[in-house]
Amino acid sequence: KLRWDHILYTGNGVVARVVAKAAAEHLTPITLELGGKSPTIVLPGANIPVAARRILSGKFFNCGQICIAPDYALVHKDAEAELVKEMQGLVKSWYGEDASTSDSFGRIINERHWDRVRGLIESSGAKVLAQPGKMNQASKFIPPTLLKDPSVDSAIMQEE
């Protein structure tokens, strides 16, 4: 309803369509940053401890609620076992047996997003490699979770 010189929107495609439609009514120029999937690649010869720390630091910062968080890792079969073991060890050393008691792991921003993230994990078809703690809707807690081999068609592999 208000006229703007320019609209900048960062977020998902659903809301971007609403923003674009409203902007079109007044021919307001827009910039849309719609994110996407951010893979990491781990090849043989990689420094596995460094790779694991960097991947998990990026993913678990602010519970992964940042647009630059790595979404998944493409790992060469020769590096997979060592990377999984390193990541499992890091999750345990950073957050303990129950991350809900850790002062180093936050909560999901609101109940709607908590429901969405829970649904993404539960519908992924993946094997859970690490998940220290139990999901708690009341406190909006979802533990840091490592998944292996989610379905490529699952929402967790399609959505930001």
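In the block above lies the structure referred to throughout.
So, a few notes on the structure that sits alongside this text. (Residues numbered from 1 in each chain as written. Predicted model: local features only at pLDDT ≥ 70, side-chain atom pairs only at ≥ 80, totals over all residues. Heavy atoms only, no water.)

### Points about the overall build of the protein
Cut-off, in case you're wondering: In this text, helices come from DSSP runs of H or I with a minimum length of four residues, and strands from runs of E with a minimum of two, each type numbered from the N-terminal end. Three exposure classes are used, based on accessible area relative to the maximum for each residue type with a 1.4 Å probe and protein chains only: buried under 20%, partly exposed in between, and exposed over 50%. Only the protein chains shown count as cover for residues, and the accessible areas themselves come from Shrake-Rupley with a 1.4 Å probe. The charge count includes Lys and Arg as positive and Asp and Glu as negative, but it does not include His or the ends of the chains. Think of each charge as sitting on NZ of Lys, CZ of Arg, CG of Asp or CD of Glu.
If you tally the helices and strands in the protein, you get five helices and six strands. Ordered by position in the sequence, the α and β elements of the protein form the string β-α-β-β-α-β-α-α-β-β-α. If you line up the protein on its principal axes, its C-alpha atoms span 55 × 40 × 25 Å. Expressed as a percentage of its 160 residues, the buried residues of the protein come to 28%. Accessible surface for the protein amounts to roughly 10300 Å². Of this, 55% is attributable to carbon and sulfur atoms. With 19 positive and 18 negative side-chain charges, the protein shows a separation of 2 Å between the mean positions of the two kinds.

### Some details on the packing of aromatic side chains
Test applied: Centre distance within 6.5 Å is the pairing criterion for rings of Phe, Tyr and Trp, where only the six-membered ring of Trp is used; planes under 30 degrees apart are then read as stacked, over 60 as edge-to-face, and the remainder as tilted.
Counted according to the given criterion, the structure contains five aromatic pairs. Where Phe60 meets Phe105, the ring centres are 6.1 Å apart and the plane angle is 85 degrees; that geometry is what we call edge-to-face. Linking Phe60 in helix α2 (residues 48-60) with Phe105 in the loop between α3 (77-95) and α4 (111-122), this pair joins segments that are 45 residues apart in sequence. Considering the side-chain rings of Phe105 and Phe141, the 6.3 Å spacing of their centres and the 85 degrees angle between planes classify their relative orientation as edge-to-face. Here Phe141 lies in the loop between β5 (127-130) and β6 (146-148) and Phe105 lies in the loop between α3 and α4, a separation of 36 residues in the sequence. You can call Phe105 buried: its relative accessible area is 6%. Through a chain of ring-to-ring contacts, three or more aromatic side chains come together here, namely Phe60, Trp94, Tyr95, Phe105 and Phe141.

### Thoughts on the side chain of Thr28
Put simply, the rule is: Any two residues having at least one pair of non-hydrogen atoms within 4.5 Å are treated as being in contact.
As for its placement among the helices and strands, Thr28 is situated in the loop between α1 (13-25) and β2 (30-33). Classification of Thr28 as buried rests on a relative accessible area of 11%. If we skip the residues at most four places from it in the chain, Thr28 touches Trp4, Asp5, His6, Ile7 and Ala23.

### A few points about the nonpolar core
Rules: Here, the term nonpolar core denotes a set of buried Ala, Val, Leu, Ile, Met, Phe, Trp, Tyr and Cys residues that are joined through side-chain atoms within 4.5 Å.
Grouped together as the largest cluster of nonpolar side chains are 22 residues, with contacts concentrated most on Leu56, Phe60, Met87, Val91 and Leu146. Per element, the largest residue contribution to this core is six residues, and it comes from α3.

### With respect to α1
The line we're drawing: Expected span, for any helix, means 1.5 Å times one less than how many residues it has. Within this analysis, the arc is defined by the directions that extend from the helix axis to the C-beta atoms. For this analysis, a polar contact is any N or O atom pair within 3.5 Å, provided that within protein one partner can donate a hydrogen and the other can accept it, and provided that sequence-adjacent residues contribute only side-chain to side-chain pairs.
Taking 1.5 Å of rise per residue, the 13 residues of α1 would be expected to cover 18 Å, and the 19 Å separating its terminal C-alpha atoms lies within 8% of that figure. Considered for burial, the residues of α1 that qualify are Ala16, Val19 and Ala23. Considered in projection along α1, the buried side chains sweep an arc of 65 degrees and stay on one side of the axis. Across from the buried face of α1, at angles greater than 90 degrees, the exposed residues are Val14, Arg17, Val18, Lys21 and Glu25. Tucked inside the fold, the buried residues of α1 contact β1 (7-10) and β2. Its side-chain oxygen at 3.0 Å from the backbone nitrogen of Val14, Asn12 defines the N-terminal cap of α1.

### Considerations on the environment of Gly106
Along the polypeptide, Gly106 turns up in the loop between α3 and α4. Leave out the neighbours within four places in its chain, and Gly106 touches Cys63 and Phe141.

### Focus: the side chain of Ser124
Counting through the fold element by element, Ser124 comes out in the loop between α4 and β5. For Ser124, a relative accessible area of 1% translates into the label buried. A polar contact of 2.9 Å, which involves the side chain of Ser124, links it to the backbone oxygen of Ile121. When residues no more than four places from it in sequence are discounted, the contact partners of Ser124 are Leu147, Pro150, Ser151, Ser154 and Ile156.

### Some details on the environment of Asn62
Its place among the elements puts Asn62 in the loop between α2 and β4 (72-75). Taking the relative accessible area as the measure of exposure, Asn62 reaches 43% and is therefore partly exposed. In the structure, Asn62 is positioned 45 residues away from Arg17 in sequence and 27 Å away in space, judged by C-alpha atoms.

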